[in-house]
Amino acid sequence: MPISQPSCDSNLPNSDSPFSKFAKQLEKLIHYSALVFCWSYAILIFAILGNVVLRYGFGNGQIVFEEIQWHLYAIGMMFGLSFAEITNSQVRVDVVADKLRRRTIRKWEIFGSLVFVLPFIFVVIVHGWEYVGDSFRVNESSNSPLGLPYRWAIKAVIPLSFSLLAIAIFSRLITNIDALIYHKDGEK
């Protein structure tokens with residue numbers, strides 16, 4: 001399935017304000033990074049197939065293939081969060097939001113982004129770099145003798161992917177604020 005063009009939400013306005021243009025540029029950055037990171041799933045399929053062939057065809061499964069599998073899955077999943085945010089394809093429970101006006105929903109999204117999401121992302125990024133630094137400092141590797149070295153490299157996916165998610169949330173925030181200021185919804 002091809003990756004769709006960057007677009008926040010079908011309910012979000014098409015504004016020509018400088019803020020909206022900036023938000024669209026941020027979305028393009030995320031879109032193009034998603035085009036790169038989505039290849040981790042194609043490589044993941046080959047890693048799984050290789051491990052299955054080795055294990056059941058030759059009776060010799062490799063731990064390195066198993067670890068590569070969870071590394072590739074983590075890369076696709078973690079970096080996919082930001083793409084899900086800009087395309088509004090994340091799981092949402094909109095039981096209450098279906099009954100609210102768009103302007104009210106935008107206000108709640110702005111509130112939620114500023115009070116809950118961005119502070120959480122900030123904490124994950126700050127502590128994520130500490131987590132990566134500790135792993136790098138001790139040259140952490142797999143517990144298995146035949147496993148992958150440089151465990152810090154896969155742990156670096158956490159703060160990097162959350163940084164990209166912060167950009168996605170910031171883009172959504174800008175778009176919602178822009179819509180409230182310029183009243184592009186047709187609502188007052």
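Refer to the preceding data block for the structure.
This is a predicted model, so every value here is computed, not measured.

A. The packing of aromatic side chains, seen in detail. The full count for this structure, using the stated rule, is eight aromatic pairs. Considering the side-chain rings of Phe22 and Phe170, the 6.4 Å spacing of their centres and the 80° angle between planes classify their relative orientation as edge-to-face. Residue Phe22 is located in helix 1 (residues 18-37), and its partner Phe170 is located in helix 6 (residues 157-182); the two are separated by 148 residues in the primary sequence. Among the residues examined, Phe170 registers a relative accessible area of 39% and is labelled partly exposed. Measuring from centroid to centroid gives 5.9 Å for Phe111 and Phe116, while their planes differ by 85°, and the two rings are edge-to-face. The exposure class assigned to Phe116 is exposed, which follows from its relative accessible area of 54%. Taken together, the ring pairs connect Trp108, Phe111 and Phe116 into an aromatic cluster.

B. Region of interest: the side chain of Glu67. Relative to the helices and strands, Glu67 is located in helix 3 (residues 63-86). From its side chain, Glu67 meets the backbone nitrogen of Leu148 in a polar contact 2.8 Å long. If we skip the residues at most four places from it in the chain, Glu67 touches Ser142, Ser144, Gly147, Leu148 and Arg151.

C. Region of interest: the nonpolar core. Counting 18 residues, the largest nonpolar core has Ile30, Ile86, Ile121, Val157, Phe162 and Leu165 as the members making the most contacts within it. Looking at this core, the elements that each hand over two or more residues are helix 1, helix 3, helix 4 (102-137) and helix 6. Tallying contributions element by element places helix 6 first for this core, with seven residues. If sequence neighbours within four positions are ignored, Ile121 has contacts with Phe162, Leu165, Ala166 and Ile169.

Calculation notes
- Residues numbered from 1 in each chain as written.
- Predicted model: local features only at pLDDT ≥ 70, side-chain atom pairs only at ≥ 80, totals over all residues.
- Heavy atoms only, no water.
- Phe/Tyr/Trp six-rings, centres within 6.5 Å; stacked < 30°, edge-to-face > 60°.
- Helix = DSSP H or I, 4+ residues; strand = E, 2+ residues; numbered from the N terminus.
- Buried < 20%, exposed > 50% of the residue type's maximum accessible area, 1.4 Å probe, protein only.
- Polar contact = N/O pair within 3.5 Å; in protein donor to acceptor, adjacent residues only side chain to side chain.
- Contact = heavy atoms within 4.5 Å.
- Core = buried A, V, L, I, M, F, W, Y, C linked by side-chain atoms within 4.5 Å.

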